[in-house]
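This is what each chain is made of:
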Amino acid sequence: MRVLIADDSRVMRKLILKSLKENGFSIEDCVEAENGEDAWSKIQAAPFDLAILDIHMPRLNGEALLTRVRAEPSHRDLPIVIVSSESSAARLESLLDQRAGFIHKPWTDEDFHTQVQRALDPRRDRR
């Protein structure tokens, strides 16, 4: 599986990759991005099987990047999971409306696995 991990914290990117591997996901290629614009450039350059995005990133936040990806026909079905310590009801509803999973920091292994697996499920709603 080819994964994009976008987070302005290098430590958090490494922790997400570690959690993917520890939860049994086979990672063939992991591409990292420090900000939303860098992530967008990488999404446009090559296909990914999954993107995991932080909400608070410089240059383009995770929510704006999600909206941009969903608006682009060639990328709109990319499975995306948002990772954040913020989880207001309005934010969660907005993310779900855009077919994104959500993992609350700090996460449990069970929640991490469930959210990533749900995002990768080909039967998920693709509106």
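Below: a short report on this structure. (Residues numbered from 1 in each chain as written. Predicted model: local features only at pLDDT ≥ 70, side-chain atom pairs only at ≥ 80, totals over all residues. Heavy atoms only, no water.)

Topic: the nonpolar core
- Membership of the largest hydrophobic core comes to 22 residues, with the highest contact counts inside it found for Leu 4, Ile 43, Leu 65, Ile 80 and Ile 82.
- For this core, the elements supplying multiple residues, two or more each, are strand S1 (2-6), strand S2 (29-33), helix H2 (36-45), strand S3 (50-54), helix H3 (62-71), strand S4 (80-84) and strand S5 (100-104).
- Apart from the residues within four sequence positions on either side, Leu 65 is in contact with Gly 36, Ala 39, Trp 40, Ile 43, Leu 53, Met 57 and Leu 60.
- Met 1, Ile 16, Phe 25 and Val 116 belong to the second-largest nonpolar core, a separate cluster that totals 18 residues. (Core = buried A, V, L, I, M, F, W, Y, C linked by side-chain atoms within 4.5 Å. Buried < 20%, exposed > 50% of the residue type's maximum accessible area, 1.4 Å probe, protein only. Helix = DSSP H or I, 4+ residues; strand = E, 2+ residues; numbered from the N terminus. Contact = heavy atoms within 4.5 Å.)

Things to note about the sheet that holds S2
- Strand order in the open sheet made by the five strands is S2-S1-S3-S4-S5, with parallel pairing throughout. The sheet terminates laterally at S2 and S5, the two strands that pair on one side only. Within this sheet the neighbouring strands show an average axis-to-axis angle of 20°, counted without direction.
- Relative to S3, S1 runs parallel, the two sharing four bridges. Within the sheet, the bridge partner assigned to Ala 6 lies in S3 and is Leu 53. (Pairing = 2+ DSSP bridges. Axes fitted to C-alpha atoms, helices over the stretch in contact; angles between N-to-C directions.)

Comments concerning the pattern of salt bridges
- Under the criterion given, the structure shown has 10 salt bridges.
- Of the charged contacts, one joins Glu 32 and Arg 13 as a salt bridge, the two residues approaching to 2.8 Å between their closest N and O atoms. In this pair, Glu 32 is assigned in strand S2 and Arg 13 in helix H1 (residues 10-22), connecting sequence segments 19 residues apart.
- Classification of Glu 32 as partly exposed rests on a relative accessible area of 22%.
- One connected set of salt bridges, linked through shared partners, spans Asp 7, Asp 54 and Lys 105. (Salt bridge = Lys/Arg side-chain N within 4 Å of Asp/Glu carboxyl O.)

Brief notes about the environment of Met 57
- As for its placement among the helices and strands, Met 57 is situated in the loop between S3 and H3.
- When the C-alpha positions of Met 57 and Ala 6 are compared, they lie 8.2 Å apart, and in sequence the two are 51 residues distant.
- Once you skip the residues sitting within four places of it in the chain, Met 57 turns out to touch Ala 6, Asp 7, Asp 8, Asn 35, Gly 36, Gly 62 and Leu 65.

Side note on the side chain of Ser 19
- By the element assignment, Ser 19 lies in helix H1.
- The exposure class of Ser 19 is buried, given its relative accessible area of 4%.
- Setting aside residues up to four positions removed in sequence, Ser 19 forms contacts with Trp 107 and Phe 112.

Comments concerning the environment of Ser 94
- The topology assignment puts Ser 94 in helix H4 (residues 89-97).
- By relative accessible area, which is 30% here, Ser 94 ends up partly exposed.
- C-alpha of Ser 94 to C-alpha of Gly 36: the two residues are 58 residues apart in sequence and 18 Å apart in space.

Read these as spatial facts, not as claims about activity.
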